[in-house]
Amino acid sequence: MSNLLDQLDPRQREAVTTTEGPVLVLAGAGSGKTRVITYRIAYLIEQGLARPEEILAVTFTNKAAEELRQRVERLLPGGLPTAPMTSTFHSFCARLLRREAPTLGWKRDFSIYDTDDQQRLVRSILKEFGEDDRAWVARGVLERISRSKTAGRSPDDWQLSANPQERRHAPVFARYRQALRTAQALDFDDLLLEAARLLSEYPEARSRWQRRFRYLLVDEYQDTNRVQYELVRRLAPRPADDAERPNVCVVGDEDQSIYAWRGADYGNILRFEQDFPGARLILLEQNYRSTQPILDAATAVISHNSSRKGKVLWSERKEGTKVRLYEAQDAEQEAQFVAEKIWHYQRHNPQQRIAVLYRTNAQSRLYEEVLRRLEVAYRVVGGFSFYKRLEIRHLLAYLRVARNTSDEQSLLLILNVPPRGIGAVTAQGLRREARERAAPLWEALDVSPNEKLKKFRALIVSLQEELGRKPLPEVLEFALRETGYERWLAEQNTPEAEGRLENLHELIAAARESAERGETLTEFLDRAALVSDSDDYDAAAPITLMTLHSAKGTEFDLVFLVGMEEGLFPHSRSLDSEAEIEEERRLCYVGLTRAKNDLYLTRALARRSWAGTEAETNEPSRFLEEIPEELLERDTSERTVAAAAPGEWRYEPVESAGSQARRSGRASWPRRRRSEDDLTPRPPRRRRDPDYPTGCEVRHATFGAGTVVAVDGAGTDKKIVVQFTGYGRKTLMEKYAGLERV
DNA sequence: GAACGTAGAGTTTTT
DNA sequence: CTCTACGTTC
């Protein structure tokens, strides 16, 4: 071990060996943060300061947690006698609550509701209250609920709120909380909140958990929210001889804080030294990942942000190619360019790991199409995860109901899947019955004279019995068979149904692995509920497609950062405030600093939002303009593209970067001169908004002439209500309607 | 009640 | 374009 310490630079070594008291490690991108965390844990064990299970390390994803454990194990000559507790905040809280639930008044078998469950629930509540129950309304309500919960605000606060939306939806919020209680279900926020409540309201539980750990480590501390901060405070292990200086080490980088939108507060990291007096501050500023040109570009961009502690990263890798820029006519050409580059790079050096990073998941499709055409194998991270597939949710819902019969969302999800003659009318009747008896749905099932409902209940009971006597994979097979799901899919005889069946068998295989690791049903279901999109990142995959958010914590030899356009990145929904733009900028910084050797930035002049509508002339992302010209080099391959006949052009790689530089000169778009301190957000360019005052006459391509009745919203979301002659009243999105004033 | 059709509406990031 | 909601038919 001591010779392993030699592999660390002085700062890193300090971060590893400063074991006692609070430590704040501000770790710049690529500065060996993961290394510090793994070595620190190994060091604590090796020095006999703690047994592995006395160390709690909180990471951002389950994958990172698992990897951390493995890396520590590899560092120690004899391996690990026991496992350190490495997990995400959410998984840790779930585990804690499985033990402590009764203390807090929950069943030990509580369900965990993910975003999808929450959304279904909120929509049904909105419907019940006769409110607009469209998906995006529900999403908005949930966002506010989540923020309110972490901020400690209640439905009563909503009632008195200045925000009319909150006042209107206060009963929805109240009903939502009540519904979770009856269902014995906790959402993601509740996992954190209830764990925090346990640690604050039950001193004996707190000291039990505090004594359990001797050292606490938190990675990505800049992305913790208020409740997670509370948890850190409450869990921080306090040594008997120095209770004022708990052994808590947090690691993070304020420049990589990208989750403020979901309640994270990077003020947590900026305030750490006040929150934990006597904290040791360690700065890791040497970057071991990227070449200096890449680092310079990233530094140039991030320096436009105001609220930072201001680390200055440097690299010993002075040599390196400039950051390349490619401007395509449209999004298809952009994707084609990237795909062909990848093809060439990969042929030249198959060992290279390459990433395509984008702002929104929807962007992945084009890249997938082109890469598939070129027969390049790639991996997409996130997007639509395995556990979000409907068939998977269905089968898991059977298990969830069997384990927790109060779980009404899961029960309603499978009540008539596969179809067993329990339609909307019957389901509605069941719910009314339950409400009138003030009984849970499960009990209403029992007393119902409806044979179909009774049969359904018996099916669940038989599942419960199976769970009592058979291993998990066999129970899943039983469920798949006895519910009729398997037959139902088989009878459909379509490729889709076949795929679904395959997925279900994959789930059973996962259950088998889980069982082999000795996990219980609950552990299996919890993991299914808490997997994150980033969890399917595979560091060994040669080519990866993912969002910038998922890319945090990764690195690649070659990175393509695509869609560098105003309105897409920074995203149009993030232009309202300087704070949002700064977060987009940090996201850009994260993207740039993923690259080790080569970095391409691309943008498209035209991009369709969805088929059929005309494309816009996109302005380059402001982040491109923030990179000094001398660091950029324009890729000229599009000349080849432009010269070839449309539809049959081929991209010819340019041999040397030097020749490119000579030919390309400076970037081509007109650079608007802006002074350094001019931070006013520039809106993305848009067609000039014509005004549609109520009463004015308009013309629509399909509906013909009409009169404007009302206008709702503003900007890109502006909706216009028009009374058409012959077609009645229609609500149209202004940006797509193509209305004409007459 | 279920299967199938058509019309209408709408894309940020995710533990 | 693609997903959902709702109407029509059996």
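Residues numbered from 1 in each chain as written. Chains lettered and ligands numbered in written order. Predicted model: local features only at pLDDT ≥ 70, side-chain atom pairs only at ≥ 80, totals over all residues. Heavy atoms only, no water.

A word on the overall build of chain A
- Across its full length, chain A carries 32 helices and 22 strands.
- Residue burial in chain A is summarised as follows: out of 742 residues, 53% are buried.
- When the accessible surface of chain A is split by element, carbon and sulfur atoms take 48% of a total near 33,700 Å². (Helix = DSSP H or I, 4+ residues; strand = E, 2+ residues; numbered from the N terminus. Buried < 20%, exposed > 50% of the residue type's maximum accessible area, 1.4 Å probe, protein only. Areas by Shrake-Rupley, 256 points an atom, 1.4 Å probe, with all protein chains shown as cover.)

Notes on the pairing of strand 1 (residues 23–27)
- The element strand 1 is extensively covered by neighbouring structure, given that five of its five residues are classed as buried.
- Of the two faces of strand 1, both are covered, the one formed by Val23, Val25 and Ala27 as well as the one formed by Leu24 and Leu26.
- Examined bridge by bridge, strand 1 and strand 8 (residues 280–284) share five bridges and lie parallel to one another. When the sheet's bridge partners are listed, Val23 is paired in strand 8 with Arg280.
- As judged from the four bridges shared by strand 1 and strand 7 (residues 248–252), these two strands associate in the parallel manner. Bridge pairing in strand 7 links Leu24 to Val250. (Pairing = 2+ DSSP bridges.)

A look at the pairing of strand 7
- The buried fraction of strand 7 is high, at five of five residues.
- Residues Val248, Val250 and Gly252 point to one face of strand 7 and Cys249 and Val251 to the other, with burial holding for every one of them.
- The parallel pair strand 6 (residues 215–218) and strand 7, bridged by helix 12 (residues 226–235), forms a crossover whose chirality is right-handed. (Right-handed = clockwise from strand over helix to strand, strands pointing away.)

Details of the side chain of Ser111
- Following the sequence through the fold, Ser111 ends up in strand 4 (residues 111–113).
- A polar contact of 3.0 Å, which involves the side chain of Ser111, links it to the side chain of Asn404.
- Apart from residues no more than four positions distant in its own chain, Ser111 is found in contact with Gln184, Ala185, Leu186, Arg400, Arg403, Asn404 and Asp407. (Polar contact = N/O pair within 3.5 Å; in protein donor to acceptor, adjacent residues only side chain to side chain. Contact = heavy atoms within 4.5 Å.)

Quick notes on helix 12
- Buried residues of helix 12: Val227, Gln228, Tyr229, Leu231, Val232 and Leu235, and no others.
- Capping of helix 12 at its N-terminal end is provided by Asn225; its side-chain oxygen lies 3.0 Å from the backbone amide nitrogen of Val227.

What to know about a positive patch on the surface
- Side chains of Arg95, Arg99, Arg108 and Arg212 sit close together on the surface and give a patch of like positive charge.
- Mapped onto the elements, Arg95 comes out in helix 5 (residues 89–104).
- Looking at Arg95, the relative accessible area reads 41%, which means it is partly exposed. (Patch = residues over 30% accessible without salt bridge, like charges linked within 9 Å, V, L, I, M, F, W, Y side chains within 5 Å. Salt bridge = Lys/Arg side-chain N within 4 Å of Asp/Glu carboxyl O. Lys, Arg positive; Asp, Glu negative; His and termini not counted. Charge placed at Lys NZ, Arg CZ, Asp CG, Glu CD.)

Thoughts on the layout of surface pockets
- In this structure, the second largest pocket spans a volume of roughly 1,700 Å³.
- Looking at the lining of the second largest pocket, the elements that each hand over two or more residues are helix 4 (62–75), strand 3 (85–88), helix 5, helix 11 (203–212), helix 25 (495–516) and helix 26 (521–530).
- Element by element, the count of residues in the lining of the second largest pocket is highest for helix 26, at seven residues.
- Here the lining of the second largest pocket is built from residues that sort into 17 nonpolar, 13 polar and 19 charged. (1 Å grid on protein atoms, 1.4 Å probe; cavity = no way out; pocket = protein on both sides within 12 Å on 5 of 7 lines; lining within 4 Å. Points joined across faces, edges and corners; volume = space filled by probe spheres on them. Nonpolar A, V, L, I, M, F, W, Y, C, P; charged D, E, K, R; others polar.)

Concerning the pattern of salt bridges
- Under the criterion given, the structure shown has 58 salt bridges.
- Here Glu100 makes a salt bridge to Arg208, at a shortest N to O gap of 2.6 Å. Separated by 108 residues along the polypeptide, Glu100 in helix 5 and Arg208 in helix 11 bring together distant segments of the chain.
- As a salt-bridge pair, Asp242 and Arg245 come within 3.3 Å of each other at their nearest N and O atoms.

Points about the sheet that holds strand 16 (residues 595–606)
- Read across the sheet, seven strands follow the order 13-14-12-15-16-11-17 without closing on themselves; strand pairing throughout is parallel. Each edge of the sheet is formed by a strand with only one pairing partner; in this case those strands are strand 13 (379–380) and strand 17 (632–634).
- In terms of strand pairing, strand 12 (residues 354–358) meets strand 15 (residues 556–561) through four bridges, oriented parallel. Along strand 15, the bridge assignment pairs Ala355 with Val559.
- Seen against the sheet, helix 15 (residues 292–302) touches strand 11 (323–330) and strand 16 and runs at an angle of roughly 50° to strand 16.
- Of the strands in this sheet, strand 12, strand 13 and strand 14 (543–547) are in contact with helix 17 (residues 364–373), which crosses strand 14 at around 165°. (Axes fitted to C-alpha atoms, helices over the stretch in contact; angles between N-to-C directions.)

Here's the deal with unusual backbone geometry
- Look at the link from Val417 to Pro418: it is a cis peptide, with omega at -5°.
- With respect to the helices and strands, the residue Pro418 is situated in the loop between helix 19 (408–414) and helix 20 (424–437).
- Of note, the phi angle at Gln184 is positive, near 50°, even though the residue is not glycine.
- In this structure, Ala438 is a non-glycine residue whose phi angle is positive, near 50°.
- Relative to the assigned elements, Ala438 resides in the loop between helix 20 and helix 21 (441–447).

Examining the packing of aromatic side chains
- In this structure the tally under the stated criterion is 16 aromatic pairs.
- Residues Phe337 and Tyr600 carry aromatic rings whose centres are separated by 6.0 Å and whose planes lie at 65° to one another, so their mutual orientation is edge-to-face. In this pair, Phe337 is assigned in helix 16 (residues 331–348) and Tyr600 in strand 16, connecting sequence segments 263 residues apart.
- For Phe337, a relative accessible area of 2% translates into the label buried.
- Assessed through its relative accessible area of 0%, Tyr600 is described here as buried.
- A centroid spacing of 6.2 Å and a plane angle of 80° characterise the contact between Tyr537 and Phe556, whose relative ring orientation is edge-to-face. One end of the pair, Tyr537, is in the loop between helix 26 and strand 14; the other, Phe556, is in strand 15, and 19 residues separate them in sequence. When sorted by exposure, Tyr537 lands in the same class as Phe556, which is buried.
- Taken together through their ring pairs, the aromatic side chains of Tyr326, Phe337, Tyr345, Phe560 and Tyr600 make up a single cluster. (Phe/Tyr/Trp six-rings, centres within 6.5 Å; stacked < 30°, edge-to-face > 60°.)

What about the nonpolar core?
- In this structure, Leu396, Leu415, Phe456 and Leu507 are the most contacted members of the largest nonpolar core, which totals 46 residues.
- Looking at which element gives the most residues to this core, the answer is helix 18 (residues 390–403), with eight residues.
- If we ignore the near neighbours within four places in the chain, the residues touching Leu507 are Phe386, Tyr387, Ile392, Leu395, Leu396, Leu476 and Phe524.
- With 43 residues, the next largest nonpolar core counts Phe110, Val250, Phe276 and Ala529 among its residues. (Core = buried A, V, L, I, M, F, W, Y, C linked by side-chain atoms within 4.5 Å.)

Some words on the environment of Glu583
- Checked against the element boundaries, Glu583 lands in helix 28 (residues 578–592).
- For Glu583, a relative accessible area of 10% gives the class buried.
- When the C-alpha positions of Glu583 and Arg308 are compared, they lie 12 Å apart, and in sequence the two are 275 residues distant.
- If near-sequence neighbours (up to four positions away) are discounted, Glu583 is found in contact with Ser257, Ile258, Tyr259, Ala260 and Trp261.

Side note on the sheet that holds strand 6
- Pairing within the open sheet is parallel, and its six strands lie in the order 3-2-6-7-1-8. The outermost strands of the open sheet, each flanked by one partner alone, are strand 3 and strand 8. Pairwise comparison of adjacent strand axes, ignoring direction, gives a mean angle of 15° for this sheet.
- Two elements, strand 2 (residues 55–59) and strand 6, share four bridges in a ladder whose sense is parallel. In the strand pairing of strand 6, Ala57 is matched with Leu217.

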